[in-house]
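# Tertiary structure, described
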Amino acid sequence: MNLELSEEQAAARQLAKGFVDREITPHAAAWDRAERVDRSIVKKLGEVGFLGLTVPEEYGGSGGGHLAYALVTEELGRGDSAVRGIVSVSLGLVAKTIAAWGDEEQKRRWLPPLTSGEAIGCFGLTEPGTGSDAGNLATRAVRDGDSYVVNGTKMFITNGTWADVVLLFARTGDAPGHKGVSAFLVPTDTPGLERREIHGKLGLRGQATAELVLQDVRVPADAMLAPEGKGFSVAMSALAKGRMSVAAGCVGIAQAALDAAVGYATQREQFGRTIAHHQLVQELITDIAVDVDAARLLTWRVADLIDRGEPFVTEASKAKLFASEAAVRAANNALQVFGGYGYIDEYPVGKLLRDARVMTLYEGTSQIQKLVIGRALTGVSAF
């Protein structure tokens, strides 16, 4: 792997940096306090091409490789992880999955509005009783003529109250575990689908997170994505690439923590000189910097493997595991550099710590990533 970015990749990174500094960073604290990101950001993300990265241009996408996507996602994570989540889910989990698994009609219907920002997608997998145990979901879709009737509940759904379409996973057969799961593309205005926004979150407060309740929701059979019974494969393929996106966002959080810590340490004076002169403060900053570089390189490796068509699932778990835990350490160390000022929301590091903490939980907890990696190394499943 050549670690020198191409002109196209460097341009994507610079475009994202400018966009974040102009459109996101100045508003991040206010959005966090209000528990609501300004929805106009979605259209702006579409206009600049960030919602179409890696999607073929014939379907309205902006093309490009996964390293460019990771670079953009990192910058969005540096600005506000709540905004990064909009892109990671609507593009990374929904649009890219439609591009990979959808038939021609599904691609033509959904990809242009999703990549332009005219529509938003959400990923309906997690349920109140099934988080890590995704193969044991309870939502059921029963065939009725040319339709399926769906009943169930989904929980912690990013973009849930904003989304125009749900990539929904439901049990369609009597086969046990993941073998009976299928995937559907369900418009959110379908009768019987209720969305309830979740408030009071520790982090990602500006993000529209929801509970979805489905009561006799009738879905046409042609809304099924991929063959019946292949839904778990659809979900796992989406999450494998999604873990790279989360890892990249975590690199952004850690980078923001590093920038904040260095900036504060070189300005704040104690004992007659800036605190950057103190060795233990330098140690905190050094630990952040090493975590940033290590997490970034692990993430870039995944992007490179995907772009070259090589296996990447285990490497994605390694990147997601390390980067998410590193983001928590980085934000915590940055807060320590700030001292008491880090504990109030006038400064950014408290928000970084709150946003980082959930990264070790969603799209596969740190413990699940360890099981994935351990199984790959030993050939023995812990499930």
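Below, the structure is looked at part by part. Just so we're clear, the structure is a prediction, and the values are computed from it rather than from any experiment. (Residues numbered from 1 in each chain as written. Predicted model: local features only at pLDDT ≥ 70, side-chain atom pairs only at ≥ 80, totals over all residues. Heavy atoms only, no water.)

### A short note on unusual backbone geometry
Glycine aside, residues mostly have negative phi, and peptide bonds are mostly found in the trans state. Under the convention used in this document: Runs of H or I in DSSP of at least four residues are treated as helices and runs of E of at least two as strands, each being numbered from the N terminus. Burial classes follow relative accessibility: with a 1.4 Å probe on protein chains only, a residue under 20% of its type's maximum area counts as buried, one over 50% as exposed, and anything between as partly exposed.
Not every positive phi belongs to a glycine, and Glu35 is a case in point at roughly 55°. Relative to the helices and strands, Glu35 resides in the loop between α2 (28–34) and α3 (40–47). We note that Phe156 has phi near 55°; this positive angle belongs to a residue other than glycine. As for its position among the elements, Phe156 is in strand β3 (residues 147–158). Taking the relative accessible area as the measure of exposure, Phe156 reaches 56% and is therefore exposed.

### Here we look at a negative patch on the surface
Keep this limit in mind: Patches in this entry comprise residues that are over 30% relatively accessible and not in a salt bridge; like charges within 9 Å are linked, as are nonpolar side chains (Val, Leu, Ile, Met, Phe, Trp, Tyr) within 5 Å. Surface accessibility follows the Shrake-Rupley procedure with a 1.4 Å probe radius. Residue values consider only the protein chains on display as shielding. For this analysis, a salt bridge means a side-chain nitrogen from Lys or Arg found within 4 Å of a carboxyl oxygen belonging to Asp or Glu. The convention is simple: Lys and Arg are positive, Asp and Glu are negative, and His and the chain ends are not counted. A charge is said to be at NZ when it belongs to Lys, at CZ for Arg, at CG for Asp and at CD for Glu.
Taken together, the side chains of Asp103, Glu105, Asp146 and Asp222 define an acidic patch exposed on the protein surface. With respect to the element layout, Asp146 can be found in the loop between β2 (140–144) and β3. Asp146 sits in the exposed class, given a relative accessible area of 65%.

### Here's the deal with the packing of aromatic side chains
Cut-off, in case you're wondering: Within 6.5 Å between ring centres, the rings of Phe, Tyr and Trp (the latter by its six-membered ring) count as paired, and their orientation is classed by plane angle as stacked under 30 degrees, edge-to-face over 60, tilted in between.
Applying the stated rule across the entire model yields 7 aromatic pairs. Ring centres of Tyr148 and Phe184 lie 5.1 Å apart, and the angle between their planes is 65°; on these two criteria the pair is classed as edge-to-face. A residue pair is termed long-range when its members are at least 10 positions apart, and Tyr148 in strand β3 and Phe184 in strand β5 (residues 181–187) qualify at 36 residues. Relative to Phe338, the ring of Tyr264 lies with its centre 4.2 Å away and its plane at 15°, an arrangement referred to as stacked. Placement of Tyr264 in helix α7 (residues 231–265) and of Phe338 in helix α9 (residues 313–338) is noted, with a sequence separation of 74 residues between them.

### Considerations on the pairing of β3
The criterion, for reference: For two strands to be treated as a pair, DSSP must find at least two bridges joining them.
Strand direction decides the pairing type here: β2 and β3, joined by 5 bridges, are antiparallel. Across the sheet, the residue bridging to Ala141 is Val150, located in β3. Between β2 and β3, which pair antiparallel in sequence order, lie 2 residues; one of them, Gly145, sits at a positive phi of approximately 65°. Bridging between β3 and strand β7 (residues 209–220) involves 9 bridges; their strand directions are antiparallel. Bridge assignment links Ser147 to a residue of β7, and that residue is Pro220.

### Looking at α7
Every α-helix carries 3.6 residues per turn, so stepping three or four residues along brings you back to the same face. Quick note on the threshold: Expected helix span is given by 1.5 Å per residue-to-residue step, counting one fewer step than there are residues.
If you check α7, its first and last C-alpha atoms are 50 Å apart, about what 35 residues at 1.5 Å a residue would give, namely 51 Å. Among the 35 residues that make up α7, 27 are buried, leaving the element largely enclosed by the rest of the structure.

### Digging into the packing of helix α4 (residues 66–79) against helix α5 (residues 81–101)
Stated formally: Lines fitted to C-alpha atoms define the axes, with helix axes restricted to the stretch in contact, and inter-axis angles between N-to-C directions lie between 0 and 180 degrees. Should an angle lie under 35 degrees it is considered roughly parallel, over 145 roughly antiparallel, and from 65 to 115 roughly perpendicular; all remaining angles are considered oblique. Whether two residues are in contact is decided by their heavy atoms: any pair within 4.5 Å suffices. Gly falls in the polar group here, along with every residue not listed as nonpolar (Ala, Val, Leu, Ile, Met, Phe, Trp, Tyr, Cys, Pro) or charged (Asp, Glu, Lys, Arg).
Running from N to C, α4 and α5 point in directions that differ by 150°, and their axes come no closer than 6 Å. Considering the angle they form, α4 stands roughly antiparallel to α5. Contacts from His66, Tyr69, Thr73, Leu76, Gly77 and Gly79 in α4 reach Ser81, Val83, Arg84, Val87, Ser88, Leu91, Gly92 and Lys96 in α5. Residues belonging to the contact of α4 with α5 are distributed by class as follows: 5 nonpolar, 7 polar and 2 charged.

### Let's talk about the nonpolar core
Rule in force here: What is meant by a nonpolar core is a set of buried Ala, Val, Leu, Ile, Met, Phe, Trp, Tyr and Cys residues, joined one to another through side-chain atoms within 4.5 Å.
By size, the foremost hydrophobic cluster in this structure holds 102 residues, and its most contacted members are Ile41, Leu45, Phe123, Phe169 and Val337. Sort the elements by how many residues they give to this core and α7 lands first, with 20 residues. Each residue touching Phe123, except ones within four places of it in the same chain, is listed here: Val89, Leu93, Val94, Ile157, Leu167, Phe169, Ala235, Ala238 and Leu239.

### Let's talk about the pattern of salt bridges
Tallying each qualifying case throughout the model produces 22 salt bridges. A salt bridge links Glu23 to Lys44; its shortest N-O distance comes to 3.0 Å. Here Glu23 is found in helix α1 (residues 7–24), whereas its partner Lys44 is found in helix α3, with 21 residues between them in sequence. Of the charged contacts in the structure, one is a salt bridge between Glu118 and Lys43, with a shortest N-O distance of 2.4 Å. Residue Glu118 is located in the loop between α6 (104–116) and β1 (121–124), and its partner Lys43 is located in helix α3; the two are separated by 75 residues in the primary sequence. With relative accessibility at 54%, the residue Glu118 sits in the exposed group. When salt bridges that share partners are traced, they join Lys17, Asp21, Glu75 and Arg78 into one network.

### Some remarks on the environment of Asp307
By secondary structure assignment, the location of Asp307 is in helix α8 (residues 279–307). When the C-alpha positions of Asp307 and His66 are compared, they lie 6.1 Å apart, and in sequence the two are 241 residues distant.

### Comments concerning the side chain of Glu363
Of note, Glu363 is situated in the loop between α10 (349–357) and α11 (366–378). Despite its burial, Glu363 remains without a salt bridge, the nearest opposite charge being carried by Arg84 at 5.3 Å. If we skip the residues at most four places from it in the chain, Glu363 touches Leu93, Leu239, Gly242, Arg243, Val246, Lys320 and Gln369.

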